[in-house]
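# Observations on the model geometry
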Amino acid sequence: MQVIERNSDLRTVLGEVKKKGLRVGFVPTMGFLHEGHLSLVRAARQENDFVVVSIFVNPIQFGAGEDYQDYPRDLERDCKLASAEGCDLIFSPPVIEMYPPGYATFVEVENLTETLCGARRPGHFRGVTTVVAKLFNLVAPDQVYFGQKDAQQALVLKKMVTDLNMDLQFHILPTIREDDGLAMSSRNKYLSPRQRREAAVLYRSLQEAERLIQGGVRSAQDVKAAMVSLIAGAEEAEIDYVEIVQAANLLPLERLQGACLVALAVRFGKTRLIDNILLEV
Ligand code: AMP
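Residues numbered from 1 in each chain as written. Predicted model: local features only at pLDDT ≥ 70, side-chain atom pairs only at ≥ 80, totals over all residues. Heavy atoms only, no water.

### Comments concerning the overall build of the chain
- What the chain contains, in helices and strands, is 10 helices and 9 strands.
- Expected size for 281 residues packed as a compact globule is a radius of gyration near 19 Å; at 19 Å, the chain falls within 12% of this value.
- Each of the three principal axes of the chain carries a C-alpha extent, and together these read 55 × 40 × 40 Å.
- The buried share among the 281 residues of the chain stands at 53%.
- For the chain, restricting intrachain contacts to residue pairs at least 6 apart in sequence, the fraction spanning at least 24 positions comes to 73%.
- Element-wise, carbon and sulfur atoms account for 48% of the exposed surface of the chain, whose accessible area totals about 13,200 Å². (Helix = DSSP H or I, 4+ residues; strand = E, 2+ residues; numbered from the N terminus. Rg over C-alpha atoms; globule rule 2.2 N^0.38 Å. Buried < 20%, exposed > 50% of the residue type's maximum accessible area, 1.4 Å probe, protein only. Contact = heavy atoms within 4.5 Å. Areas by Shrake-Rupley, 256 points an atom, 1.4 Å probe, with all protein chains shown as cover.)

### As for the site of the ligand
- Around the ligand, the structure places 17 residues, and the nearest of them are Met-30, His-37, Asp-150, Ile-176 and Met-184.
- Within the backbone of Met-30, an N or O atom sits 2.9 Å from an oxygen atom of the ligand.
- For the ligand, whose unbound accessible area comes to 480 Å², protein coverage reaches 93%.
- Looking at the shell around the ligand, the elements with two or more residues in it are strand E2 (24-29), helix H2 (35-47) and strand E5 (143-147).
- No other element matches the 3 residues that H2 contributes to the shell around the ligand.
- When its residues are assigned to classes, the shell around the ligand shows 8 nonpolar, 7 polar and 2 charged. (Near = heavy atom within 4 Å. Polar contact = N/O pair within 3.5 Å; in protein donor to acceptor, adjacent residues only side chain to side chain. Nonpolar A, V, L, I, M, F, W, Y, C, P; charged D, E, K, R; others polar.)

### Things to note about the sheet that holds strand E1 (residues 2-4)
- Strand order in the open sheet made by the 6 strands is E1-E4-E3-E2-E5-E6, with parallel pairing throughout. Looking at the sheet topology across the chains shown, the edges are occupied by E1 and strand E6 (169-173). Averaged over neighbouring strand pairs, the angle between their axes works out to 25 degrees when direction is ignored.
- Packing of H2 onto the sheet brings it into contact with E2, strand E3 (50-55), E5 and E6, and relative to E5 it is tilted by some 155 degrees.
- Taken strand by strand, helix H7 (residues 151-163) contacts E5 and E6, and its axis lies near 170 degrees from that of E6. (Pairing = 2+ DSSP bridges. Axes fitted to C-alpha atoms, helices over the stretch in contact; angles between N-to-C directions.)

### Description of unusual backbone geometry
- Of note, the phi angle at Phe-32 is positive, near 55 degrees, even though the residue is not glycine.
- Locating Phe-32 in the fold gives a position in the loop between E2 and H2.
- Judged by its relative accessible area of 17%, Phe-32 is buried.
- One non-glycine residue with positive phi stands out, namely Leu-250, at about 65 degrees.

### Some thoughts on the environment of Leu-253
- Examined against the element boundaries, Leu-253 turns out to sit in the loop between strand E7 (237-246) and strand E8 (259-268).
- Spatially, the C-alpha atoms of Leu-253 and Arg-218 are 10.0 Å apart, while their sequence positions differ by 35 residues.

### Thoughts on the packing of helix H9 (residues 201-214) against helix H10 (residues 220-232)
- H10 packs onto H9 with a crossing angle of 150 degrees between their chain directions and a minimal axis gap of 9 Å. When the interaxial angle is binned, H9 and H10 end up roughly antiparallel. Our pair here, H9 against H10, has a crossing hand that is right-handed. When H9 is examined against H10, the residues Val-201, Arg-204, Ser-205, Leu-206, Glu-208, Ala-209, Leu-212 and Ile-213 are found in contact with a partner set consisting of Val-223, Ala-226, Met-227, Leu-230 and Ile-231.
- Here the contact of H9 with H10 is built from residues that sort into 10 nonpolar, 1 polar and 2 charged. (Parallel < 35°, antiparallel > 145°, perpendicular 65-115°, else oblique. Left-handed = near helix turned anticlockwise from the far one by under 90°.)

### A few points about the pattern of salt bridges
- A full pass over the atoms with the stated rule returns 23 salt bridges.
- One salt bridge in this structure joins Arg-120 and Glu-243, with 3.6 Å as the shortest N-O distance. You can see Arg-120 sitting in helix H5 (residues 116-120) and its partner Glu-243 sitting in strand E7, a full 123 residues away along the chain.
- A relative accessible area of 21% means that Glu-243 is categorised as partly exposed. (Salt bridge = Lys/Arg side-chain N within 4 Å of Asp/Glu carboxyl O.)

Read these as layout, nothing more, since geometry by itself doesn't imply function.
As structure tokens, then:
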């Protein structure tokens, strides 16, 4: 497995790969890999001839006061894990390679970015779409792999791909969870033992939503209220949002109908966790 830091080296290697007519699968990440990331690498491995994983903690998707500096990083460990899954190339550029002095171009998807995490993290998705557009241009993948864990991100990026006529196949794969249901996340590492125990309430609240909806409840307000009261039982939990929206466009729902996304963001101390489930009503 090669580890590449420079755009020019990446182009050289991928130029050769493309010349051979190999199919390139790409998994963009911020590193500190866990089973969630590795499930994407495995899918890319199965469906392509050459697998690229990027590891880049993208400064422009973090707001002031967010955890850019503290975000966990361990490139050596990531390389071992990715290599064990059959990754062919890790691209891990320094910030200056992606954003040299004078950098001035940004990609922005409207509407979908104005709710949920977009409303709470101004500029976040503009940073995500910009870096992912750059990475897609650099790697020129045939297929790309994202996690349902970041449902809004996946939807926004899919929209970018469609609107900008990017020629690639976009895959969204299921959320991988710990035994107690907590969605795997690099940020789980920040949790104290008590916060970690309490954080299992997030998935329990999503399961409770599913149970209520399957039992016939159709008022979004009633389902959200039940979720909020469950989460409030965790002493260190501070709710950022609990929302039920239409899965296709993220618009709010009052009466539950069709494909619904039940999504939440909750802070445990300084750590902000997100999770969601998709339900067909
Ligand atoms: P990140 O490194 O957090 O930016 O995530 C990189 C990719 O891995 C994104 O497409 C995420 O949605 C995906 N991902 C993160 N956590 C999980 C998880 N628990 N299950 C599945 N995919 C995940």
